[in-house]
Amino acid sequence: MGSKVKSDFLVAHPSLASGAARLFDFYALYDEYNISPTEAQADAMATFADWLVVGQDIREAVEHFERLQNAS
């Protein structure tokens, strides 16, 4: 199986250190999010990534089914 496709690229993935720093960020100056040039592009990229994940899940299900068929 190939590499896993992720569809959460618009979500921030903070580290432990940045999470601890947020405890003292009373004015939300440290907020950082993954952005796209336009809202439409962000939606298109998210939809494309979601469909890649759906295709990956179907491919894995077919491969699993084929392995079960070959084992019998």
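Structure first, text after, so check above.
Below is a short write-up of the structure. (Residues numbered from 1 in each chain as written. Predicted model: local features only at pLDDT ≥ 70, side-chain atom pairs only at ≥ 80, totals over all residues. Heavy atoms only, no water.)

## Observations regarding the overall build of the protein chain
Heads up, the rule is: Numbering of helices and strands starts at the N terminus; helices are DSSP runs of H or I of at least 4 residues and strands are runs of E of at least 2. Only protein chains enter the accessibility calculation, which uses a 1.4 Å probe; a residue is then buried when its area is under 20% of its type maximum, exposed when over 50%, and partly exposed in between. Two residues form a contact once any of their heavy atoms are found within 4.5 Å. What sets the accessible areas is the Shrake-Rupley method with a 1.4 Å probe; for residues, cover comes only from the shown protein chains.
When you go through the protein chain residue by residue, the secondary structure sums to two helices and zero strands. For the protein chain, the residues scored as buried account for 10% of the 72 residues in total. Summarising the internal contacts of the protein chain: among those between residues at least 6 apart in sequence, 68% fall at separations of at least 24. For the protein chain, the computed accessible surface area is about 6,200 Å², with 63% contributed by carbon and sulfur atoms.

## Considering a nonpolar patch on the surface
Operational definition: Any residue with relative accessible area above 30% and no salt bridge may belong to a patch, with like charges joined within 9 Å and the nonpolar Val, Leu, Ile, Met, Phe, Trp and Tyr side chains within 5 Å. Throughout this description, the term salt bridge denotes a Lys or Arg side-chain nitrogen within 4 Å of a carboxyl oxygen of Asp or Glu.
A cluster of nonpolar side chains, namely Leu23, Phe24, Phe26, Tyr27 and Leu29, defines an oily patch on the protein surface of about 770 Å² accessible area. Mapping phenylalanine 26 onto the fold places it in the loop between helix H1 (16–21) and helix H2 (39–71).

## So, H2
Note the cut-off: A helix's residues, less one, multiplied by 1.5 Å, set its expected span.
Between its first and last C-alpha, H2 extends 48 Å over 33 residues, near the 48 Å set by a 1.5 Å rise per residue. Of the residues making up H2, those classed as buried are Ala42, Ala49, Val53 and Gln56.

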